[in-house]
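# A look at the structure
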Amino acid sequence: MLDQVKEIINDINAKKFQPIYFLMGEEPYYIDRISEYIEDNVLSEEEKGFNQVVLYGRDVTMDDIVGQAKRYPMMAEKQVVVVKEAQDLSRTIDKLEAYANNPQPSTVLVLNYKYKKIDKRKSLYKSLKKNALVFESSKLYENQVADWIRRVMAGDGYNISFKACQMLVEFLGNDLGKINNELNKLKIVLPSETEITPDHIEENIGISKDYNNFELIKAIGERDQLKAYRIIAYFGDNPKDNPMVVTIALLYNFFRLVLILHGLADKSPRNVASALKVNPYFANDYITAARNYSMKKVSAIISELRSADLKGKGVGSRAIPQKDLLKELMVAIFS
């Protein structure tokens, strides 16, 4: 996806414009970036006043958009029409087909169709594929986000350690917009060619390099009880920054993968990384956990995690403080 974005940007820089850019999908980050780049770079500042318009799907109809797109530019070769939140027009989006079959060559029409996709079986999609640029922005899985961070930072001349990447993923999930905002903070305070470490993440973003879910899972996998109890004590004292629901979800996913690993005939790091769909850097963490916890024990831990999740949500029990629930969970895991 990143390579496709670069290709689109390169074509815009080379003045190779498409008559329609239909930007769709569940990940809004790249939709916004491409749309903003078109807004900033197709027309000169002098041309924008008469020839660039931004519309919002909730405020216009498809007829309004097509009518605007059919206008001729004033004292410029192109006009740019950007439709933000175009998903609000999903019920009438098929009306775009007639225009897509015969788009105005002097118009660059951009539709930001976020969080949804048009039906690829319909004639509208076929018309767009033939006469326009269709970009589909899919959500990255969390195990892909660390590589995305490394590629983005490398493009700006930075290196970033695996642990630093994982801290960001564990704290921010797969929301590329939020992650990019934090990366921009690092770029502001750190010179290019810096090797970004967990210390940089802690100092500039506020994520503890020692007391986080990444370190907790590693400690549990290695059966380092002292370290695990120190981390959950920190979590208990800082519940807003370390919500238990996130900790349980990450632990559940970790032990779910350990359970899968137990069923593998080939437990080499390379095969484990491939079978579990995790970064090879972390394969040994799962292998170590599988050595320390039998398949029967892993199944019991998963059951305890489900129970803790329900208790944390107040299901079937009185409200129990997060600190006490985490202690109970650690006792169950290490017993």
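What this report covers is the structure whose coordinates are included nearby. Note that the coordinates shown come from a computational prediction; the quantities given were computed from them, not determined experimentally. Throughout this document, residue positions are counted from 1 along each chain, in the order its sequence is written. Restriction of local features to residues with pLDDT of at least 70 applies here, the model being predicted, together with a cutoff of 80 or more for giving and counting side-chain atom pairs; totals for whole chains, interfaces and linings are based on all residues. With hydrogens and water stripped out, all remaining heavy atoms of the structure feed into the side-chain values.

## Description of the sheet that holds strand 2 (residues 52-56)
Applied cut-off: Paired strands are those between which DSSP finds at least two bridges. We count a stretch as a helix when DSSP gives it H or I for four or more residues in a row; a strand needs E for two or more, and each element gets its number in order from the N terminus. Under this scheme, a helix contributes an axis fitted over its contacting stretch, all axes are lines through C-alpha atoms, and angles between N-to-C directions fall in the 0 to 180 degree range. Note on definitions: a residue-residue contact is assigned when non-hydrogen atoms from the two residues lie within 4.5 Å.
Read from one edge of the open sheet, five strands run 2-3-4-1-5, paired in parallel fashion. If you trace the sheet from one side to the other, it starts and ends with strand 2 and strand 5 (133-136), each paired once. Taking each pair of neighbouring strands and ignoring which way they run, the sheet shows an average axis angle of 15 degrees. Bridge count between strand 2 and strand 3 (residues 79-84): five bridges; the pairing is parallel. Its bridge partner being in strand 3, Val53 is matched across the sheet by Val81. Of the strands in this sheet, strand 1 (20-25) and strand 5 touch helix 1 (residues 2-13), which is tilted by about 145 degrees from strand 5.

## Describing the environment of Arg121
For the record, the criterion: We define a polar contact as two N or O atoms separated by no more than 3.5 Å, with the added condition that, inside protein, one atom must be a possible hydrogen donor and the other a possible acceptor, whereas residues neighbouring each other in sequence contribute only through side-chain atom pairs.
Within the secondary structure, Arg121 sits in the loop between strand 4 (107-114) and helix 6 (123-131). Only 2.9 Å separates the side chain of Arg121 from the side chain of Asp119, close enough to count as a polar contact.

## Some thoughts on a nonpolar patch on the surface
Formally: Think of a patch as exposed residues, more than 30% relative accessible area, with no salt bridge, where like charges cluster within 9 Å and nonpolar side chains (Val, Leu, Ile, Met, Phe, Trp, Tyr) cluster within 5 Å. A 1.4 Å probe and the Shrake-Rupley method give the accessible areas. Residues count as covered only by the protein chains that appear here. Just to be clear on terms, a salt bridge is a Lys or Arg side-chain nitrogen sitting within 4 Å of an Asp or Glu carboxyl oxygen.
A grouping of Phe50, Met74 and Met75 is seen on the molecular surface, where their side chains present a nonpolar patch of about 370 Å² in accessible area. Position of Phe50 relative to the elements: it lies in helix 3 (residues 45-51).

## What to know about the packing of aromatic side chains
Ring pairs (aromatic) are described by centroid distance and by the angle formed between their planes. The following threshold applies: Each Phe, Tyr or Trp ring (for Trp, its six-membered ring) is paired with any other whose centre lies within 6.5 Å, and the angle between the two planes then decides the class: stacked below 30 degrees, edge-to-face above 60, tilted in between. Only protein chains enter the area calculation, which uses a 1.4 Å probe; residues under 20% of their type maximum are buried, those over 50% are exposed, and those in between are partly exposed.
Under the definition given, this model contains 11 aromatic pairs. Measuring from centroid to centroid gives 5.9 Å for Phe214 and Phe282, while their planes differ by 80 degrees, and the two rings are edge-to-face. Of this pair, Phe214 sits in helix 11 (residues 213-221) while Phe282 is found in the loop between helix 14 (269-276) and helix 15 (283-292), placing the two residues 68 residues apart along the sequence. Note on accessibility: Phe214 and Phe282 belong to one class, buried. Through a chain of ring-to-ring contacts, three or more aromatic side chains come together here, namely Phe162, Phe214, Tyr281 and Phe282.

## What about the layout of surface pockets?
The gaps left among the atoms become clear once a water-sized probe is rolled over them. To be explicit about the condition: A cavity, in this analysis, means grid points on a 1 Å lattice covering only the protein atoms where a 1.4 Å probe fits yet has no way out; a pocket is instead an open set bounded by protein on both sides within 12 Å along at least five of seven lines, and a residue lines either one if it has an atom within 4 Å of a point. Grid points are joined across faces, edges and corners, and a volume is the space filled by probe spheres set on the points. Amino acids are sorted into nonpolar (Ala, Val, Leu, Ile, Met, Phe, Trp, Tyr, Cys and Pro), charged (Asp, Glu, Lys and Arg) and polar (every other residue, Gly among them).
Taken as a whole, the largest pocket spans an internal volume of roughly 620 Å³. Forming the boundary of the largest pocket are 25 residues, of which Gln166, Asn253, Leu257, Val278 and Tyr286 lie nearest the centre. Sorting the residues of the lining of the largest pocket by element identifies helix 7 (142-155), helix 8 (162-172), helix 11, helix 13 (244-262), helix 14 and helix 15 as the ones contributing at least two each. Here the element with the most residues in the lining of the largest pocket is helix 13; it accounts for six residues. Within the lining of the largest pocket, the residues separate by chemical class into 14 nonpolar, five polar and six charged. For the second largest pocket, the calculated volume is near 440 Å³. The wall of the second largest pocket is formed by 17 residues, among which Leu2, Val5, Tyr29, Tyr30 and Val152 lie closest to the centre. A total of five residues in the lining of the second largest pocket trace back to one element, the largest contributor, which is helix 2 (residues 28-41). Classifying every residue of the lining of the second largest pocket by side-chain character gives eight nonpolar, three polar and six charged.

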